[in-house]
Amino acid sequence: MKNATRCCLLAALLITIPFANAGESGTTIKADELKAEPFRDAKTVGQLAAGDKLEIMNKDGGWLQVKSARGNGWVRMLNIRKGKARNSSAGTEMSGLAGLASGRAGTGRVVATTGIRGLNEEELKAARFNESELKLAESYLTSRTDAQKFARKGKLMARKMGYLPDPGETR
Amino acid sequence: MRRLTAKLLLGLGMTLCVAAARGFDLGQELRNAASELQKPGKSSALGGYSEEEEVAIGRQIAGSLLGAAPLVKDKQLQKYVNNVGRWVASQSERPDLAWHFGVIESNDINAFAAPGGYIFVTKGLYKLLNDESELAGVLAHEVGHVIRKHHLKILQQSRMVDLGGKLLARQAGGNDKIQNLIGSGAEIVSRSLDKNAEFEADRIAVVLAARAGYEAFGLPQVLQEIGHTGSNDSSVALLFKTHPHPDERLARLGDEMDSRFDGLKGQTLAGRLYRIK
């Protein structure tokens with residue numbers, strides 16, 4: 001019996017689609033509580049401070065399961081930035097959020113230099129209206145009914161939800 | 001009423017200048033425009049434009065954008081994006097607009113919306129996506145711009161289009177007159193919208209994705225991905241120039257979404273995401 005349970009667990013693990021970004025590093029951008037489970041009222045198991053480094057293990061909706069020096073648990077995805085915090089090796093001084101984001105400048109993505117069309121303002125300005133390409137784009141129209149069928153195939157269930165209130169203008 | 005008349009006169013005056021420069025039958029067009037304006041409620045509900053006019057303006061912008069970057073020649077991909085986009089747009093207050101979506105040949109990371117429901121994503125952005133809910137989130141952000149008429153509003157502010165648009169919308173296809181009103185080429189899509197228009201489109205996007213049955217965090221995930229592309233990487237130059245930084249957008253979304261989306265399960269459909277060869 002014990003063995004059977006273990007087998008089932010193993011099977012479940014194998015079936016589970018692996019989380020694409022598991023093992024990726026992240027940084028806390030805002031102090032937040034570590035929770036035992038991925039919801040607000042779950043037990044608090046630790047406290048993260050802004051700037052804490054962590055490892056991302058899993059994801060559930062708006063929550064990430066993380067490992068950190070302050071403990072393991074679930075934290076709100078939107079309080080975490082993926083990637084390492086900037087180390088002050090290159091370029092202009094940046095601080096806070098912007099600094100975190102640009103920390104990986106130059107790493108990761110390769111900018112190709114040949115045969116690729118950039119979309120800068122000059123090119124957009126110089127663009128000539130392309131009627132045949134537009135007609136081609138319009139030919140791919142999906143009707144509302146076909147969209148519903150497509151949704152049904154993906155088990156997408158429409159549900160009601162109000163828009164979020166505007167918290168007010170920012171500077 | 002007096003203000004309306006003054007506005008109308010001013011409008012007619014400016015149209016006169018535009019029209020004179022273009023040289024078409026001014027008298028007739030002005031009479032038509034005036035009678036259009038007198039029809040109660042015809043265009044006021046759409047921020048000054050009828051749907052027909054809005055689509056005519058959007059077509060011109062979309063056709064010019066495609067002149068700069070054509071569609072990726074992959075019918076299955078384009079059809080797939082239209083399926084996802086139309087389903088998301090069906091959850092908005094304009095479900096019956098003829099929504100068009102497309103992936104365009106560019107390695108930049110960006111997405112564009114034009115009035116009337118024309119929405120394009122670059123191949124560069126598409127390739128960053130991990131699942132269908134992320135695509136839904138990106139398209140939903142652009143749908144947000146269309147339903148709140150963000151681009152139409154800047155056109156209205158920057159140029160004399162309210163009467164001009166009425167005079168010109170009737171002609172289909174590439175239209176020099178509309179082109180003159182929206183600026184050169186597809187320049188308008190490279191103009192920055194008000195920062196708050198971007199935040200508004202983000203707020204709309206997570207809700208439309210959730211309404212459509214998707215995992216609501218698709219867009220935030222894409223923003224996180226884009227956020228750690230270096231800001232001096234040329235593929236995001238235009239995006240970063242015309243939008244608030246992804247981190248600022250994420251911070252806002254975090255506050256706005258708060259715990260409203262906790263426990264709301266949705267589909268991510270990673271297996272159904274169409275992969276570009």
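Residues numbered from 1 in each chain as written. Chains lettered and ligands numbered in written order. Predicted model: local features only at pLDDT ≥ 70, side-chain atom pairs only at ≥ 80, totals over all residues.

## Details of the overall build of chain B
When helices and strands are counted, chain B shows 13 helices and 3 strands. For chain B, the residues scored as buried account for 55% of the 277 residues in total. A separation of at least 24 residues holds for 73% of the contacts in chain B among residues at least 6 apart in sequence. (Helix = DSSP H or I, 4+ residues; strand = E, 2+ residues; numbered from the N terminus. Buried ≥ 20, exposed ≤ 12 C-beta atoms within 10 Å, placed from the backbone. Contact = placed C-beta atoms within 7 Å.)

## Comments concerning unusual backbone geometry
Of note, Lys155(A) is a non-glycine position whose phi angle comes to about 55°, a positive value. With respect to the secondary-structure elements, Lys155(A) resides in the segment after α5 (144-153). Residue Lys155(A) is classed as exposed on the basis of its 9 C-beta neighbours within 10 Å. Unusually for a residue other than glycine, Leu269(B) sits at a positive phi of about 50°. Take Leu269(B): it is sitting in the segment after α13 (246-257).

## Some remarks on the environment of Thr44(A)
Residues and elements named next belong to chain A. Positionally, Thr44 belongs in strand β3 (residues 44-48). Considered as a pair, Thr44 and Leu34 are 10 residues apart in the sequence and their alpha carbons are 5.7 Å apart. Sequence-distant contacts of Thr44, that is, excluding residues within four places in its chain, are made with Glu33, Leu34 and Lys35.

## A few points about the confidence of the model for chain A
Close reading of the predicted structure is inappropriate where its pLDDT is low. Mean pLDDT over chain A stands at 75; residues scoring 70 or higher make up 65%. Predicted confidence is poor over residues 85-117 of chain A, with pLDDT under 50, and the contacts of this stretch with residues over four places away or in other chains come to 51 contacts. (pLDDT = per-residue confidence, 0-100.)

## Structural notes on the interface of chain B and chain A
Tallying the contact residues gives 87 residues for chain B and 64 residues for chain A. Of all the secondary structure elements, the ones that give two or more residues to the side of chain B that touches chain A are α3 (51-68), α4 (75-89), β1 (100-104), α10 (195-211), α11 (218-227), α12 (237-242) and α13 of chain B. Broken down by element, the residue count for the side of chain B that touches chain A peaks at 10 residues, all from α13(B).

## Topic: the sheet that holds strand β3 (residues 118-122) of chain B
Residues and elements named next belong to chain B. Pairing within the open sheet is mixed, and its 3 strands lie in the order β1-β3-β2. Pairing within the sheet leaves two strands with one partner each, and these edge strands are β1 and β2 (111-114). Along the sheet, successive strands turn relative to each other by an average axial angle of 15°, direction set aside. Note that β2 and β3 share 4 bridges and pair antiparallel. In the sheet register, Ala113 faces β3, and the bridge partner there is Ile119. Here α4 sits on the sheet in contact with β1 and β3, set at roughly 135° to β1. (Pairing = 2+ DSSP bridges. Axes fitted to C-alpha atoms, helices over the stretch in contact; angles between N-to-C directions.)

## Description of α13(B)
All names here are of chain B. With 12 residues, α13 should cover 16 Å at 1.5 Å per step; its first-to-last C-alpha distance of 16 Å lies within 8% of that length. Within the sequence span of α13, burial applies to Pro246, Asp247, Arg249, Leu250, Arg252, Leu253 and Met257. Count one or two residues on from α13 and you reach Asp258, which has phi positive near 45°. (Expected span 1.5 Å × (residues − 1).)

## Some thoughts on the confidence of the model for chain B
All names here are of chain B. Mean pLDDT over chain B works out to 80, with 75% of the residues at or above the 70 mark. Counting interchain partners and residues more than four positions distant, the pLDDT-below-50 stretch residues 1-27 has 20 contacts. Under a pLDDT of 50 for its full length, residues 33-46 has, in the predicted model, 12 contacts with residues more than four places off or in other chains. For this predicted complex, the interface score ipTM comes out at 0.79, alongside a pTM of 0.75.

## Some points on the packing of helix α6 (residues 132-147) of chain B against α11(B)
All names here are of chain B. Running from amino to carboxyl end, α6 crosses α11 at an angle of 90°, the nearest separation of the two axes being 7 Å. Accordingly, the angle class assigned to the pair α6 and α11 is roughly perpendicular. Across from Ser133, Glu134, Ala136, Gly137, Val138, Ala140 and His141 in α6, the residues of α11 making contact are Gly218, Leu219, Gln221 and Val222. (Parallel < 35°, antiparallel > 145°, perpendicular 65-115°, else oblique.)

## What to know about the packing of α11(B) against α13(B)
Residue and element names in this part refer to chain B. Orientation of α11 relative to α13, taken along the N-to-C sense of each, is 150°, at an axis distance of 9 Å. Relative to α13, the element α11 is oriented roughly antiparallel. Helix-helix and strand crossings are classified by hand; for α11 and α13 the assignment is left-handed. Between α11 and α13, the residues in contact are Pro220, Leu223, Gln224, Ile226 and Gly227 and Pro246, Asp247, Arg249, Leu250 and Leu253, respectively. Across the contact of α11 with α13, the residue classes tally to 6 nonpolar, 2 polar and 2 charged. (Left-handed = near helix turned anticlockwise from the far one by under 90°. Nonpolar A, V, L, I, M, F, W, Y, C, P; charged D, E, K, R; others polar.)

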